[in-house]
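Chain by chain, the residues:
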Amino acid sequence: MVKKAQLTYDDKSLDLPLITGSENEQAIDISKLRSSTGLITMDNGFGNTGACSSSITFLDGEKGILRYRGYNIQDLCEHASFMEVSFLLLYGELPSVKQLEQFSHDITKHTMLHESLRKLYDAYPRDAHPMALMSAIACSLSTFYQDSSDPLNPDHIKVTIFRMLAKIPTIAAYAFKKSIGQPMIYPNNSLSYCANFLNMMFSVPAEPYEVDPDIEKALDQLFILHADHEQNCSTSTVRMVGSSHANLFAAISAGICALWGPLHGGANQEVLQMLKHIHEDGNDVKKYIDKAKDKTSNFRLMGFGHRVYKNFDPRAQIIKKTCDRVLSKLNINDPLLDIAHQLEEAALKDPYFIEKKLYPNVDFYSGIIYKAIGFPVEMFTVLFAIGRLPGWIAQWKEMMESKETRIGRPRQIYTGPNERKFLPMHKRQA
Ligand code: ACO
């Protein structure tokens, strides 16, 4: 039997079909609502609005479940590499040995940036935020590959995906090197994806540098944890921009900008700044817990709360263990970590946070790990962007391949003035 919902308003009633997903989540299909009734729906922040069907990521915020293509995030973090997970997100299946070799090879071939693009960094101020550079350079890639970035041509899409994945670590590391005035380090294609990135970030021509395999593994795991999260703000942005048939470079550039905001990917930078601030203010954790609860203050505990996870963030549980491992490996005793533990403990016992279901999210610990590895705070959101890239691309690809895709174009309820007679300048009041 076809399931349906019924909408009654005034003296009319309308049957609305129900859509059921593979995990039995249900949606009311309102696509004919406006044409049948003249009504639209209002959903500030899209908390109840499904914008697409997707077979990439499943998450259940109540149960704390996150799966990519059906595989639990815990299993992927433990047993797979970021390259394997990228392949899985993009093509739907875990790769065979041969497929993974080919995929890694195809990406590795494209790690260098055009020299003119490298020089573009010189045009920006030294203290430019690396997310601004990432977005600008990602979009600029489209100017170098004009003959192969048609979003409707499968061959162009294939090579653009490789280019995007290959060049993003180089773009990010160059942004960092520029900010500290060190020479940019060219990619080394004999290294793994993460080791190459660490090498470009932290090596200098004057000294030997060896990538620590434990740090490489931790970074790989962090990238896996961030690789996709269904229709979040930046992913929705990538889909929205892509729905106009802008090229993939442009769509990813827009996604980077969306991720930059402190309520989204920028939160990991904010967490560290908050912990530093609490430390400099005498480590008074209670004062900041009280401030977060005080409705007259704008202060929020950064790294707490999530639009979807209302019990726990499964990524935060994994990342917490990685954090302890990295800090003990690097022999780091970080007072900020003590503050983080105290905040977490206090908030998890506090009725305000319990009632509002505010738990540590993925950003709460990632910043501390990044700091321990040696990344400056400005790079934290950049690391999130590198991790999220395969998810953005997979979502874009799925959208472009779907026959149901239409240009994204929400409606509104207008609340401005009704029609007014135009007043010439000399008749207007001050
Ligand atoms: N500290 C204190 N109070 C909070 C916090 C917080 N971190 N988060 C939410 N609240 C309170 C709100 O004040 C609100 O209270 P009210 O009902 O009395 O008005 C209630 O909890 C619900 O908050 P909303 O903002 O409506 O929840 P929403 O689902 O829209 O927002 C968000 C989720 C943006 C993540 C929010 O919890 C927040 O701002 N957290 C801090 C920033 C952060 O860590 N962002 C990273 C998100 S994860 C990611 O992007 C990877």
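Starting from 1, residues in each chain are numbered consecutively following that chain's sequence as written. Only residues with pLDDT of 70 or above have their local features reported here, since the model is predicted, and side-chain atom pairs are shown and tallied only from 80 upward, although totals for entire chains, interfaces and linings are computed over all residues. Derived side-chain values reflect all non-hydrogen atoms in the structure, with water molecules and hydrogen atoms excluded from consideration.

(A) Spotlight on the side chain of Ser366. Numbering of helices and strands starts at the N terminus; helices are DSSP runs of H or I of at least 4 residues and strands are runs of E of at least 2. With respect to the helices and strands, Ser366 occurs in helix 17 (residues 362–373). In this description, contact between two residues means that some pair of their heavy atoms is separated by no more than 4.5 Å. When neighbours within four sequence positions are excluded, Ser366 is seen to be in contact with Leu222, His226, Asn268 and Ile319.

(B) Spotlight on the environment of Ser81. Summarising the element assignment, Ser81 is placed in the loop between helix 2 (73–79) and helix 3 (82–91). Considering only alpha carbons, one finds Ser81 and Gln221, 140 residues apart in sequence, at a separation of 7.4 Å. Sequence-distant contacts of Ser81, defined by excluding residues within four places in its chain, comprise Asp220 and Ile224.

(C) Local environment of the pattern of salt bridges. Put simply, a salt bridge is a Lys or Arg side-chain nitrogen that is within 4 Å of an Asp or Glu carboxyl oxygen. Under the criterion given, the structure shown has 14 salt bridges. Put simply, Lys293 and Asp350 hold a salt bridge, and the shortest N to O gap is 2.7 Å. Here Lys293 is found in helix 13 (residues 285–293), whereas its partner Asp350 is found in the loop between helix 15 (335–349) and helix 16 (351–355), with 57 residues between them in sequence. Classification of Lys293 by relative accessible area gives partly exposed; the value is 27%. Between Asp313 and Arg315 there is a salt bridge; the shortest N-O distance is 3.0 Å. Classification of residues uses two cut-offs on accessible area relative to the type maximum, computed with a 1.4 Å probe and protein chains only: under 20% is buried, over 50% is exposed, and between them is partly exposed.

(D) Broad picture of helix 13. Burial in helix 13 covers these residues: Val285, Tyr288, Ile289 and Ala292. The arc that holds every buried residue of helix 13, seen down its axis, measures 105°, which confines them to one face. Each element contacted by the buried residues of helix 13 is listed here: helix 12 (267–280), helix 15 and helix 16. By definition, the arc is the one covered by directions from the helix axis to the C-beta atoms.

(E) Highlighting the nonpolar core. The biggest cluster of nonpolar side chains holds 119 residues, and the ones touching the most others in it are Tyr68, Phe197, Leu301, Leu343 and Phe375. Ignoring sequence-local partners within four residues, the contact set of Tyr68 consists of Ile56, Thr57, Ile73, Leu76, Val85, Leu88, Leu89, Ile224, Leu225, His226, Ala227 and Asp228. Residue types Ala, Val, Leu, Ile, Met, Phe, Trp, Tyr and Cys, when buried and joined through side-chain atoms within 4.5 Å, form a set referred to as a nonpolar core.

(F) Summary view of the site of the ligand. To be near a molecule or strand, a residue needs just one of its heavy atoms within 4 Å of it. Within the structure, the ligand sits among 21 residues, and Arg300, Leu301, Gly303, Arg307 and Lys356 are positioned closest to it. By the criterion applied in these results, polar contacts are pairs of N or O atoms within 3.5 Å in which, for protein atoms, one can donate a hydrogen and the other can accept it, and in which residues neighboring in sequence qualify only through two side-chain atoms. Within the backbone of Leu263, a nitrogen or oxygen atom sits 3.5 Å from a nitrogen atom of the ligand. His264 is positioned with one of its side-chain polar atoms (N or O) 3.1 Å from an oxygen atom of the ligand. Computed by Shrake-Rupley with a 1.4 Å probe, the accessible areas treat only the displayed protein chains as cover when residues are assessed. In the complex, the protein chains occlude 75% of the 920 Å² of accessible area that the ligand would expose alone. Amino acid classes used here: Ala, Val, Leu, Ile, Met, Phe, Trp, Tyr, Cys and Pro are nonpolar; Asp, Glu, Lys and Arg are charged; the rest, including Gly, are polar. Class assignment for the residues of the shell around the ligand results in 10 nonpolar, 5 polar and 6 charged.

(G) A look at the state of the cysteines. In this description, a disulfide is simply a cysteine sulfur pair whose atoms lie within 2.5 Å. One pass over the full model with this rule turns up 0 disulfides. Residue Cys139 stays outside any disulfide, its sulfur separated by 8.9 Å from that of Cys257, the closest cysteine.

(H) Examining the pairing of strand 2 (residues 12–20) more closely. DSSP calls a pair of strands paired once it identifies at least 2 bridges connecting them. In the sheet, strand 1 (residues 4–9) pairs with strand 2 via 6 bridges, with the strands oriented antiparallel. Each residue of the ladder has a partner; that of Leu7, found in strand 2, is Leu14. A loop of 2 residues connects strand 1 with strand 2, the two strands running antiparallel in sequence, and Asp10 in this loop sits at a positive phi of about 45°. Taking the residues between adjacent antiparallel strands as the criterion, strand 2 and strand 3 (residues 26–28) are bridged by 5 residues, where Asn24 takes a positive phi near 70°.

(I) Structural context of the packing of aromatic side chains. The criterion for an aromatic pair is that two Phe, Tyr or Trp rings (for Trp, the six-membered ring) have centres within 6.5 Å, with stacked assigned to planes under 30 degrees apart, edge-to-face to planes over 60 apart and tilted to the rest. Tallied over the full model, the rule gives 19 aromatic pairs. Judged by centre distance (5.6 Å) and plane angle (50°), the ring pair of Phe82 and Tyr193 falls under tilted. Of the two residues, Phe82 is situated in helix 3 and Tyr193 in helix 8 (residues 193–202); the sequence distance between them amounts to 111 residues. With relative accessibility at 0%, the residue Phe82 sits in the buried group. Taking 5.5 Å as the distance between ring centres and 50° as the angle between the ring planes, the aromatic pair formed by Tyr370 and Phe380 counts as tilted. One end of the pair, Tyr370, is in helix 17; the other, Phe380, is in helix 18 (residues 380–401), with 10 residues separating them in the sequence. On the accessibility criterion, Tyr370 (0% relative accessible area) is buried. Here Phe380 falls in the buried class, since its relative accessible area comes to 0%.

(J) Quick peek at helix 3. Burial runs high along helix 3: 9 of the 10 residues are buried. Taken together, the buried positions of helix 3 are occupied by Phe82, Met83, Glu84, Val85, Ser86, Phe87, Leu88, Leu89 and Leu90. Two residues or fewer after helix 3 comes Gly92, characterised by a positive phi angle close to 95°.

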